[in-house]
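# Observations on the three-dimensional arrangement
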Amino acid sequence: ALPAAPPGSRSGATILRERSGRGGSAGSSASSSASSSARPSPTQGGEHRRAVMGSPRAEATATPWLWWATGVIALSSLSFGYSLAMLNPVLKSRRGGLLHDVPMSAELQQLATAVLVLGAWLGCLAASHPSDVLGRRRTLLLTATVYVSGGLVSTLPNSAALVLGRAAVGVATGVGGAVAPILLSELAPDAIRGQITSCHQLLITIGILLAGVLGYALVLHVPHGWRLVEGFVAVPSALQLVLHASLPESPKWLVRRGQHERALAVLRRHRPDGHDAEAELEDMAREAADEPQGGGGG
């Protein structure tokens, strides 16, 4: 059975019945006229169904709205890459380096480095639950809030704040790194899913590069520049919070929750003119119905 739809919204099955009803009379006349002709082969029948119904996912192309949403989502990927590399450039004794303002033993430096990785591991393990319960969109927005908070705390000139802030950033890194590619994949049409999801890896790489460039420039030439380097991890996430209206929810997640009208609105916004969004929604509803009970993790 399809997931139950809330009152006032049409389910995937309802949309399917409406589309079947619209084609019913035409199908009856076509069947009577075709009764005298030879029965088509299975291959011909499949080609005929594709010609009539179309292949909405295969025909979908990237629209400006889809690329814009992809960029907003991939800000989480940018923070992911930046957070992984932002400490190494600032562990210097120069006037702009961390060690100039906050003397740290080798063991404390290792702890500050490892705590982000530990937080990322824990965040990755825990990411599936909020992603399934709250949705991909709200999970990314919560992650962005943690990025901003942790980034600001890590700029305080003492070792305890640095470790605590980096631990929070690590958790956000693990959650965001797990949820962002899922949302990109579930938003993208089948035909260009590779293009859209590759933006996740691209922005991770750009984030790593940006951390090195900023670290070199600020630590060498700006007093206390390490604080700017550490705090910059909050910038992409703050931008994502500002642009939250452009951050879409996964249409597949909405279908699994029975919110078919909202899923259809997301598809129509991020698909080109003339695309059969209702047919794509029907496909998603069938896939959701075929999933094991409680297995809507995406």
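Described in the following lines is the structure provided in the data block. Predicted model, so just to flag it, every value in this text is computed and none were measured. (Residues numbered from 1 in each chain as written. Predicted model: local features only at pLDDT ≥ 70, side-chain atom pairs only at ≥ 80, totals over all residues. Heavy atoms only, no water.)

## Side note on the packing of helix α5 (residues 64-85) against helix α10 (residues 159-187)
The line we're drawing: To obtain an axis, a line is fitted to C-alpha atoms, over the contacting stretch when the element is a helix, and the angle between two such axes runs from 0 to 180 degrees between their N-to-C directions. Per the convention used, a helix needs a DSSP run of H or I reaching at least four residues, while a strand needs a run of E reaching at least two, with both numbered from the N terminus. Relative orientations are named as follows: roughly parallel for angles under 35 degrees, roughly antiparallel for angles over 145 degrees, roughly perpendicular for angles from 65 to 115 degrees, and oblique for any other angle. Left-handed describes a crossing whose near helix is turned anticlockwise from the far helix through less than a right angle; right-handed describes the clockwise counterpart. Throughout, a contact is declared for two residues whenever any of their heavy atoms are within 4.5 Å. Asp, Glu, Lys and Arg are counted as charged, while Ala, Val, Leu, Ile, Met, Phe, Trp, Tyr, Cys and Pro are counted as nonpolar; the rest, among them Gly, fall into the polar class.
Interaxial distance between α5 and α10 falls to 8 Å at its minimum, and their mutual angle equals 150°. Between α5 and α10, the interaxial angle falls into the category roughly antiparallel. Here the hand of the crossing between α5 and α10 comes out left-handed. Across the interface between the two elements, Leu66, Ala69, Thr70, Ile73, Ser76, Ser77, Phe80, Ser83 and Leu84 from α5 touch Arg166, Val169, Thr173, Gly177, Ala180, Leu183, Leu184 and Leu187 from α10. By residue class, the composition of the contact of α5 with α10 is 10 nonpolar, six polar and one charged.

## Re the pattern of salt bridges
We apply this condition: A pairing counts as a salt bridge when a side-chain nitrogen of Lys or Arg comes within 4 Å of a carboxyl oxygen of Asp or Glu. Exposed residues in this analysis have more than 50% of their type's maximum accessible area, buried residues have under 20%, and partly exposed residues fall in between, with area computed by a 1.4 Å probe over protein chains only.
Within this structure, the stated rule accounts for eight salt bridges. The salt bridge partner of Glu186 is Arg136, with a shortest N-O separation of 3.0 Å. Of the two residues, Glu186 is situated in helix α10 and Arg136 in helix α9 (residues 136-153); the sequence distance between them amounts to 50 residues. Just as Glu186 is buried, Arg136 falls in that class too. For Arg286, the salt bridge is made with Asp283, and the minimal N-O distance between the two is 3.1 Å.

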